[in-house]
Amino acid sequence: MKATQYEGNKTFTVLEKEIETPKQGEVRIKVAYVGVCGTDVHIYHGMMDKRVKMPETIGHEMSGVIDAVGEGVSDYAIGDKVVVRPLDDRKVKASDKGFNHICEALKFIGIDSPGAMQQYWNVPAFTLHKLKETTDLKLAALIEPLSVATHDVRLSELKAGETAVVLGGGPIGLLVAMVAKEVGAQVIISEVNPKRIQKAKDLGFDAVNPIEIDLVQYVSDKTEGRKADVVFEVAGVQPALDTMCEVAGIRGRILMVAIHGEKKPVDLFKFFWKELKLIGARVYEKEDYEKAIQLITTNELPFEEMITDVQPLSNIQQVFENIDNNPDGLKVLMDCQL
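So, here is what we can say about the structure in this document.

Thresholds, definitions, all that
- Residues numbered from 1 in each chain as written.
- Predicted model: local features only at pLDDT ≥ 70, side-chain atom pairs only at ≥ 80, totals over all residues.
- Heavy atoms only, no water.
- Phe/Tyr/Trp six-rings, centres within 6.5 Å; stacked < 30°, edge-to-face > 60°.
- Buried < 20%, exposed > 50% of the residue type's maximum accessible area, 1.4 Å probe, protein only.
- Lys NZ or Arg CZ within 6 Å of the ring centre and 35° of its normal.
- Pairing = 2+ DSSP bridges.
- Helix = DSSP H or I, 4+ residues; strand = E, 2+ residues; numbered from the N terminus.
- Axes fitted to C-alpha atoms, helices over the stretch in contact; angles between N-to-C directions.
- Contact = heavy atoms within 4.5 Å.
- Patch = residues over 30% accessible without salt bridge, like charges linked within 9 Å, V, L, I, M, F, W, Y side chains within 5 Å.
- Areas by Shrake-Rupley, 256 points an atom, 1.4 Å probe, with all protein chains shown as cover.
- Salt bridge = Lys/Arg side-chain N within 4 Å of Asp/Glu carboxyl O.
- Polar contact = N/O pair within 3.5 Å; in protein donor to acceptor, adjacent residues only side chain to side chain.
- Parallel < 35°, antiparallel > 145°, perpendicular 65-115°, else oblique.
- Left-handed = near helix turned anticlockwise from the far one by under 90°.
- Nonpolar A, V, L, I, M, F, W, Y, C, P; charged D, E, K, R; others polar.

**A closer look at the packing of aromatic side chains**
Scanning the entire structure with this criterion turns up 8 aromatic pairs. A ring pair is formed by Tyr-6 and Phe-12, whose centres lie 5.6 Å apart and whose planes are at 55 degrees; its orientation type is tilted. Here the two residues Tyr-6 and Phe-12 agree in accessibility, since each one is buried. An aromatic cluster is defined as three or more aromatic residues linked by ring pairs; in this entry it consists of Tyr-6, Phe-12, Tyr-44 and Phe-320. Across the ring face of Phe-205, the terminal group of Lys-181 is positioned such that the distance to the ring centre comes to 5.1 Å.

Okay, structure coming up:
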C-alpha cells in the first residue's frame, strides 16, 4: 500500500508498505480522504519535532470505509463508512475527573502515533463513529474540524437571538460561524485577509476587516449597544486578545479557541468591570462528534464551499508547499487512494 511519512526539514516521502492485519480490538480502514489542518502545517514547519517521532505518518481529519475487523470487534463490520475521533484516552486516571478528552496522558492519534495519510490505516475500534451509507466521504473528512466548532459553540451556551462575534475567518472560524448560525445567533466575522472576508460574505456572513473599520463600534451599532453575547477568539494573535474584551457586552462569554503557546497580556479589568467569562475549549467530546455527523448528514450548511482543493496522496510534498504559498485557501483534502 501507499503511505506517506514526515521526515523532518519540511520533507514528506511516499513509500510502499505492507498492509497490516488489524490486531485485537482494531479495525483496518481503507482511507478515503484526509484533510490538511493547521496542526499538520505546524508539523511540516518543524514546530512539533520534539513531539512527533520521525519518520511518521500524520493526519487525523479523515473519512473511510472499514476494510477488515480484528478479533473482539462486534460493533463494526466490513463496508461501514466511518470517521475516527483521534483521541487515545486509554491512560485516563481518576484525577482527570471523567474528562477523557483532555486527560493528562491523552495521546492524539496522527500526532503522537501514526495517522491517516496512507491508503490503509489500523485504529482502535473505540475511536470510531459510524456514518450513514449515503454520507459523502469528502464532506465526512470535515467532521473532525467541525467537531471542534460544535464543541466550542456548545461550551459557549450560545442561544438563538444572541450575537456572536468570531475573531478569525479561517477554516475553524468559518465552521464556528456556521454552527453559531445554525443555533440561530446573529454572527459577525472579523478577519483581515481580503480573500477570506469575501469568502465569508459569499457564505452569507456579515464579515468585516477590523483594520479598516472600528469593530467594537460596528458590533455596538448592530446590537443597539449591547455588543456581543459570545466572542470566539480563533485568530490567535494579540490584536484579537485586545479586541475580545472590548467587543464583548456585559456578562459576555469569551471562548478561547485559538492555541496560544506563550503567555499573552489580557485586559483583566474588563473582566471585572463587565463580569465577563473566559472559557477554554480543547478538541471535542463524543457528543460533539455526533452533532457534527448530524450536520454533515443533513448537509444544510455550505460545507462544500470549505473544500478548496482535492489532491492525490502522492502529491503530499507539493500540497504542503502550496499551502505555504497560498495562505488564502481553506481546506485541502488528500485523496488517499490516488
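After presenting the structure, the write-up continues.
**Here we look at the sheet that holds strand β10 (residues 163-167)**
As summarised here, the arrangement of the 6 strands in space is β12-β11-β10-β13-β14-β15, forming an open sheet in which the pairing is parallel. With one partner strand each, in any of the chains shown, β12 (206-208) and β15 (277-280) form the two edges of the open sheet. If you compare each strand with its neighbour and ignore which way they point, the axes differ by 20 degrees on average. As paired elements, strand β14 (residues 248-256) and β15 share 4 bridges and run parallel to each other. Residue pairing in the sheet places Arg-253 in a bridge with Lys-277 of β15. Against the sheet, helix α6 (residues 215-222) makes contact with β10, β11 (186-190), β12 and β13 (228-233), and its axis sits at roughly 170 degrees relative to β11, the strand it touches most.

**Brief notes about a nonpolar patch on the surface**
Together, Phe-269, Phe-272 and Trp-273 give the surface a local cluster of nonpolar side chains, amounting to about 420 Å² of exposed area. Mapped onto the elements of the fold, Phe-272 is located in helix α8 (residues 268-274).

**So, the side chain of His-151**
Tracing the backbone shows His-151 in helix α3 (residues 143-156). According to the relative accessible area criterion, His-151 is buried, its value standing at 1%. At 2.7 Å, the side chain of His-151 and the side chain of Asp-288 are in polar contact. If near-sequence neighbours (up to four positions away) are discounted, His-151 is found in contact with His-101, Ala-281, Arg-282, Val-283, Tyr-284, Glu-285 and Asp-288.

**Observations regarding helix α7 (residues 238-247)**
When α7 is considered as a whole, its buried residues turn out to be Ala-240, Leu-241, Met-244, Cys-245 and Val-247. Each element contacted by the buried residues of α7 is listed here: β10, α6, β13, β14 and α8.

**Looking at the pattern of salt bridges**
Pairs may arise between side chains of opposite charge once their charged atoms sit close together. This model, assessed by the stated rule, comprises 19 salt bridges. The shortest N-O distance in the salt bridge between Lys-93 and Glu-104 comes to 2.8 Å. With Lys-93 in the loop between β6 (87-88) and β7 (107-108) and Glu-104 in the loop between β6 and β7, this pair connects stretches of sequence that are 11 residues apart. The partly exposed category is assigned to Lys-93, whose relative accessible area is 39%. Judged by relative accessible area, which is 63%, Glu-104 ranks as exposed. Lys-270 is the salt-bridge partner of Glu-246, the closest N and O atoms lying 3.2 Å from each other. Residue Glu-246 is found in helix α7, and its partner Lys-270 is found in helix α8; the two are separated by 24 residues along the sequence. According to the relative accessible area criterion, Lys-270 is buried, its value standing at 19%. Each of Arg-154, Glu-285, Glu-287 and Asp-288 takes part in salt bridges that share partners, so that together they form one network.

**Observations concerning the packing of α3 against helix α4 (residues 171-183)**
The geometry of α3 relative to α4 is characterised by a closest axis approach of 8 Å and an angle of 50 degrees between their N-to-C directions. Considering the angle they form, α3 stands oblique to α4. As for how α3 packs across α4, the hand of that crossing is right-handed. Where α3 approaches α4, its residues Pro-145, Leu-146, Val-148, Ala-149, Thr-150, Asp-152 and Val-153 are matched on the opposing element by Ile-172, Leu-175, Val-176, Val-179, Ala-180 and Val-183. Split into classes, the residues belonging to the contact of α3 with α4 amount to 11 nonpolar, 1 polar and 1 charged.

**Quick word on the environment of Thr-57**
Turning to its location among the elements, Thr-57 is positioned in the loop between α1 (38-44) and β4 (61-69). Judged by its relative accessible area of 3%, Thr-57 is buried. Sequence spacing of Thr-57 and Val-14 is 43 residues, and the spatial spacing of their C-alpha atoms is 9.9 Å. With residues near it in sequence (within four places) discarded, Thr-57 still touches Thr-4, Gln-5, Gly-110, Ser-113, Pro-114, Gly-115, Met-117 and Gln-118.

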